[in-house]
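What follows is the residue order along each chain.
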Amino acid sequence: MAKITAFTGKLKELSKNYQPDLGIILIALGLRILWAIAVPVIPVSDSNAYDTFALNLATGQGYGWKSGDPTAYWPPGTSFVYALFYWLFGHSYLPIIVFNLLLTAVIIWVSMRLAETWFNRRIAIVTGIILALWPSQIQFTTVLASELLFTALVLVGLWLWLNEGLTLRSRALGVAVVLAAASYVRPTALLIPILLLFERAVRTREIFKNLTATLVMFVVMALLIAPWSIRNTQVFGQFTTISTNSGANLWMGNNPDSTGGYMPLPPDVKEMNEAQRDDYLKSVAVAHIKEKPFLFIRRSLVRLVQTHARESIGVSWNEKGLVKRYGTGVLLPLKIINQLYWLAALGLGLIGIVLLGKQQGWVMMIFHPTVLFWGYFAAVHAVIVAQDRYHFPSIPMIAILAALTILSLLKVRQNRQKISETS
């Protein structure tokens, strides 16, 4: 009886401590449920690919556009998850909407825990509010996409890595499993163990232990990714890891006619299989970079700006559903709301980096996880191809830095008020 009473008391204490967090998550879920009721799911672009692949997997036709035509151009993780839902519940989008709601709760909860770990409780609460109200994140409730799943997995991996209650070996194993899953969703997760190595090496100065843990992560990730790599190698006749789009993406951003964004593939690769095409386009892109290195640097800066210049993809990928129900007149107002919110969050986040540098030192600022992870995702797409959705994995870090800025400005205002009152 005493144990039951103690357990009940602990639950009450936890409930009291995290009551604001639960309230924020409930508000976030409420807004997203209202959006899901208001906007029908109509897959377009990559969403259509995920939908088709998942349905084919669920019906035993393999991972491809049709039976007997396997692909690896899109990483399979998102379609694997959707295929499980289709297999269990039939071809319905409702389970995916519910799954997106769950991912939202995970993203907000873990982001708040990270903000509290790095800063304080107040910054954690403001972070949660910012994420709860973020328009594009609300709109992605009705989008079949990798963004929410990838963001949630990366955050959980980072949260596990920072959990000092576990041994370093246990953390390395757990993070490796999570990041392997994230790599199946987006291969950009493959290099995240290096970020974790830098983060902990700067924080603890334990170089050998951290190198060992990083090696463990890479080995476990390789073992978990191996089955899909073997499948791809058998399908295409040459070694292929997770997807066959890295060369294509690099080429889109680095060829004589590149605009920095998506481009249709050139006609001379039509007869190649996906792996051959990927290798060929990668070689063309690398040759172009070597031939014109200064152009590559200039274009990389342009792509960096392009990736962060706008945030309209949530409206664009819901456009068919929005137009079907409300007409075209709703699109521009929604895009304006998205853009205003994004620019405000981006500006506050950039100011947060400066504040972080002043508070913790400029060297420590560079290796702070908020800056490290945002910088990593920004750098990847500065090198390859730009699109506004590619900054989505950085949104939790931007929200944390924006919360730091907001509370810092409020503190300055309060101090000025106190000075004026005493003078």
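Residues numbered from 1 in each chain as written. Predicted model: local features only at pLDDT ≥ 70, side-chain atom pairs only at ≥ 80, totals over all residues. Heavy atoms only, no water.

Draft legend 1. Representation of the overall build of the protein in the model. What the protein contains, in helices and strands, is 20 helices and two strands. Over its C-alpha trace the protein gives a radius of gyration of 23 Å, about what one expects of a compact globule, namely 22 Å for 423 residues. Buried residues in the protein amount to 51% of all 423 residues. Put simply, of all contacts in the protein between residues at least 6 apart along the chain, 75% involve residues at least 24 apart. Accessible surface computed for the protein: about 20200 Å², of which carbon and sulfur atoms make up 68%. Averaging the coordinates of the 36 positive side-chain charges in the protein and doing the same for the 21 negative ones gives two points 9 Å apart. (Helix = DSSP H or I, 4+ residues; strand = E, 2+ residues; numbered from the N terminus. Rg over C-alpha atoms; globule rule 2.2 N^0.38 Å. Buried < 20%, exposed > 50% of the residue type's maximum accessible area, 1.4 Å probe, protein only. Contact = heavy atoms within 4.5 Å. Areas by Shrake-Rupley, 256 points an atom, 1.4 Å probe, with all protein chains shown as cover. Lys, Arg positive; Asp, Glu negative; His and termini not counted. Charge placed at Lys NZ, Arg CZ, Asp CG, Glu CD.)

Draft legend 2. Region of interest: the packing of aromatic side chains. Counted according to the given criterion, the structure contains 17 aromatic pairs. Seen in terms of ring centroids, F80 and Y184 are 6.5 Å apart; in terms of plane orientation they differ by 45°. Their pairing is tilted. Taken together, the residues F80 in helix α4 (residues 77-89) and Y184 in helix α9 (residues 168-185) connect sequence positions 104 residues apart. Ring geometry for W134 versus W342: centroids 6.3 Å apart, planes at 50°, classification tilted. Separated by 208 residues along the polypeptide, W134 in the loop between α6 (121-133) and α7 (135-139) and W342 in helix α17 (residues 331-360) bring together distant segments of the chain. Clustering of aromatic rings is evident, with ring pairs tying together F53, Y63, W65, Y73, W74, F80, Y184 and W228. Residue placement shows R113 over the ring face of W109; its charged tip is 4.7 Å from the ring centre. We note R186 situated over the ring of F150; from NZ or CZ to the ring centre the distance is 5.6 Å. (Phe/Tyr/Trp six-rings, centres within 6.5 Å; stacked < 30°, edge-to-face > 60°. Lys NZ or Arg CZ within 6 Å of the ring centre and 35° of its normal.)

Draft legend 3. Layout of the pattern of salt bridges. The full count for this structure, using the stated rule, is eleven salt bridges. For E147, the salt bridge identified is with R186, shortest N-O distance 2.3 Å. Here E147, found in helix α8 (residues 147-161), pairs with R186, found in the loop between α9 and α10 (192-204); they are 39 residues apart in sequence, far enough to count as distant. Using a relative accessible area of 2% as the deciding quantity, one classes E147 as buried. Overall, the relative accessible area of 10% leaves R186 in the buried class. A salt bridge links R203 to E199, with the nearest nitrogen and oxygen atoms 2.7 Å apart. You can see R203 and its partner E199 sitting in helix α10, four residues apart, about one turn around the helix. With a relative accessible area of 6%, E199 lands in the buried category. Through salt bridges with shared partners, one network takes in D21, R113, E116 and R121. (Salt bridge = Lys/Arg side-chain N within 4 Å of Asp/Glu carboxyl O.)

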